[in-house]
Amino acid sequence: MSVVVETTLGDVTVDLYTKERPKSCLNFLKLCKLKRYNMCLFYMVQPDFIAQTGDPQGSAKGGDSVYGEIYGHQARYYEAETNPRIKHTKKGLISFVNYGNGMLGSQFFFTLGEDLDYLDGEHCVFGEIVEGFDTIDKINATICDQSDRPYQDIRITHTVILHDPYDDPPGFEPRADSPEPTEEMLKSSRIGADENINDYAGKSEEEINEMIAAKEAKARATILEMVGDLPDADVAPPENVLFVCKLNPVTNDDDLEIIFSRFGKVKSCEVIRDRKTQESLQYAFVEFEEEKACEQAYFKMDNVLIDDRRIHVDFSQSVSKYRWKGK
């Protein structure tokens, strides 16, 4: 007997062990008919181990069996079936979670690895996946936080029962429509299950390369902040400072200040020199009081002849003017 479990990452088809686990299979099938698993979150994914879901509240603390619906709250859990013994030997098994003392409810997990013998006798295997292992691989590869919850929500969207061999108990009423998402679910701080997190979708190759370069620059800046070489990863160079290079070695600070002061008041002008020899390194920084003066100098002074040398002018990319205590 098969059930298709539709998730936000794809579908899996499960064959149930109706002969070996009749109570558990009845529980699972009737919960599917009640739409209890619709919108259920995979709240724990441990790579090559298990992917757990089945709590309608998404807290991993709730989830009553169908027997609670039929016989009342006192029957919300039922005793696990242990004969015949079925081991967690392979990937793709579906198993009900032991709530304690061998009692089961609605929570279940898929095995993501093989030979998980430490789960044997603790949890109750009641079926196996026959189609959709690519979906299981996607779940297994998802990125999770320290508590093993995926950063992007993975949810069961729907379950389709291909055949139900069990008669509905007296008073049991299958649900026709799916439950609406709760307010708590919509306010989740996680990335939505239907949210596209592919930043490169619809972008040209040039745009993608620019985005990659920006991310790499951001990563380098973060590292520099961590080691104390930058005050902040998002720090930007001042917009009132020009970088001047290709200078004649004889050009000094006063010469440059006089030349650049025609565009506005110069706060500082420094030709960079070798610390030991004090010889000019043939580049300088010119700081203006106003950004407008800096812009004018940028447009007017590039390739200008100073002391028989044609200089190059650009906006400074240095943040050395900022003062901070290294971290």
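For the structure itself, look to the data block above.
Residues numbered from 1 in each chain as written. Predicted model: local features only at pLDDT ≥ 70, side-chain atom pairs only at ≥ 80, totals over all residues. Heavy atoms only, no water.

Undergrad: Help me understand the overall build of the chain in this model?
TA: A tally of regular secondary structure across the chain gives seven helices and 15 strands. Residues classed as buried in the chain amount to 41% of the 327 residues present. The contacts of the chain with a sequence gap of at least 6 include a subset with a gap of at least 24, amounting to 68%. (Helix = DSSP H or I, 4+ residues; strand = E, 2+ residues; numbered from the N terminus. Buried < 20%, exposed > 50% of the residue type's maximum accessible area, 1.4 Å probe, protein only. Contact = heavy atoms within 4.5 Å.)

Undergrad: Help me out: how do you make sense of the nonpolar core in this one?
TA: For soluble globular proteins, nonpolar side chains are generally found buried alongside one another. Counting residues in hydrophobic clusters, the biggest one holds 38 residues, and the most contacted among them are Phe28, Tyr37, Phe96, Phe108 and Phe110. Taken together, the elements giving at least two residues each to this core come down to strand 1 (2-7), strand 2 (10-16), helix 1 (22-33), helix 2 (66-71), strand 6 (93-98), strand 7 (103-111), strand 8 (124-131) and helix 3 (133-140). Element by element, the count of residues in this core is highest for helix 1, at six residues. Residues contacting Phe108, with those up to four places away along its chain left out, are Phe28, Tyr37, Ala51, Gln52, Thr53, Gly54, Ile94, Ser95, Phe96, Val97, Phe126 and Ile156. Residues Phe263, Val286, Cys294 and Ala297 belong to the second largest nonpolar core, which totals 19 residues. (Core = buried A, V, L, I, M, F, W, Y, C linked by side-chain atoms within 4.5 Å.)

Undergrad: Sorry, what's going on with the environment of Ala236 here?
TA: Considering the arrangement of structural elements, one finds Ala236 in the loop between helix 5 (205-226) and strand 10 (241-245). For Ala236, a relative accessible area of 43% gives the class partly exposed. Considering only alpha carbons, one finds Ala236 and Gln317, 81 residues apart in sequence, at a separation of 8.0 Å.

Undergrad: Would you mind going over the sheet that holds strand 15 (residues 312-315) with me for this structure?
TA: What holds strands together in a sheet is hydrogen bonding between their backbones, with the strands either parallel or antiparallel. Ordered in space as 11-12-10-15, the four strands form an open sheet in which the pairing is antiparallel. Across the chains shown, the open sheet's two edge strands, defined by having one partner strand only, are strand 11 (266-273) and strand 15. Taken pair by pair, the neighbouring strands of this sheet meet at an average axis angle of 20 degrees, ignoring direction. Lying over the sheet, helix 6 (residues 253-260) contacts strand 10, strand 11, strand 12 (280-288) and strand 15, oriented at roughly 140 degrees with respect to strand 11. The sheet strands contacting helix 7 (residues 291-301) are strand 10, strand 12 and strand 15, and the helix crosses strand 15 at an angle near 150 degrees. (Pairing = 2+ DSSP bridges. Axes fitted to C-alpha atoms, helices over the stretch in contact; angles between N-to-C directions.)

Undergrad: Explain the side chain of Thr13 to me, please; I cannot follow it from the model alone.
TA: Its location among the elements puts Thr13 in strand 2. Note on Thr13: relative accessible area 13%, which makes it buried. Not counting the four nearest positions on each side in its chain, Thr13 is found in contact with Ser2, Val3, Val4, Glu128, Ile129, Val130 and Glu131.

Undergrad: I keep staring at the side chain of Ser95 and nothing clicks. Help me out?
TA: Take Ser95: it is sitting in strand 6. Classification of Ser95 as buried rests on a relative accessible area of 0%. Only 3.1 Å separates the side chain of Ser95 from the side chain of His88, close enough to count as a polar contact. A polar side-chain atom of Ser95 sits 3.0 Å from the main-chain carbonyl oxygen of Cys124. Among all residues touching Ser95, those that are not within four sequence positions of it are His88, Gln107, Phe108, Phe109, His123, Cys124, Val125 and Phe126. (Polar contact = N/O pair within 3.5 Å; in protein donor to acceptor, adjacent residues only side chain to side chain.)

Undergrad: How should I be thinking about the pattern of salt bridges in this particular structure?
TA: Between side chains of opposite charge, a pair can form as their charged atoms come close. One pass over the full model with this rule turns up 11 salt bridges. One salt bridge in this structure joins Asp164 and Lys30, with 2.7 Å as the shortest N-O distance. With Asp164 in the loop between strand 9 (156-161) and helix 4 (183-186) and Lys30 in helix 1, this pair connects stretches of sequence that are 134 residues apart. For the pair shown, Asp164 and Lys30 are each scored as buried. For the salt bridge of Asp153 with Arg155, the shortest nitrogen-to-oxygen distance reads 3.5 Å. Residues joined in a network through salt bridges with shared partners are Lys30, Lys33, Asp164 and Asp168. (Salt bridge = Lys/Arg side-chain N within 4 Å of Asp/Glu carboxyl O.)

Undergrad: How do you make sense of the packing of aromatic side chains when you look at a structure like this?
TA: A ring pair, where both rings are aromatic, is described by two values, the distance of the centres and the angle of the planes. Counting across every chain of the model gives 18 aromatic pairs. With a centroid separation of 6.4 Å and an interplanar angle of 25 degrees, the aromatic rings of Phe42 and Phe110 are classed as stacked. With Phe42 in the loop between helix 1 and strand 3 (44-46) and Phe110 in strand 7, this residue pair connects regions lying 68 residues apart in the sequence. Between Phe108 and Phe110 the ring centres are 5.7 Å apart and the planes differ by 80 degrees, which places this aromatic pair in the edge-to-face class. (Phe/Tyr/Trp six-rings, centres within 6.5 Å; stacked < 30°, edge-to-face > 60°.)

Undergrad: In this structure, what is going on with unusual backbone geometry? I would like to understand it.
TA: A negative phi holds for most residues other than glycine; trans holds for most peptide bonds. Of note, the amide linkage connecting Asn83 to Pro84 takes the cis form, showing an omega dihedral of -10 degrees. Topologically, Pro84 is positioned in the loop between strand 5 (78-79) and strand 6. A positive phi angle, near 55 degrees, is found at Asp307, a position not held by glycine. Of note, Asp307 is situated in the loop between strand 13 (305-306) and strand 14 (309-310). Residue Asp307 is classed as partly exposed on the basis of its relative accessible area of 33%.

Undergrad: Mind showing me how you'd approach the environment of Asp15 here?
TA: Relative to the helices and strands, Asp15 is located in strand 2. Polar side-chain contacts of Asp15 include one of 2.3 Å to the side chain of Ser2.

Undergrad: Please explain helix 1 as it appears in this structure.
TA: Look at helix 1: 16 Å from first C-alpha to last across 12 residues, which is about the 16 Å you get at 1.5 Å a residue. Summarising burial for helix 1: nine of the 12 residues are buried, a large majority. Looking at helix 1, one finds that the buried residues are Ser24, Cys25, Leu26, Asn27, Phe28, Leu29, Lys30, Leu31 and Cys32. Taken from the residues just after helix 1, Lys35 is the one with a positive phi, measuring 60 degrees. (Expected span 1.5 Å × (residues − 1).)

Don't take any of this as a statement about function, it's just geometry.
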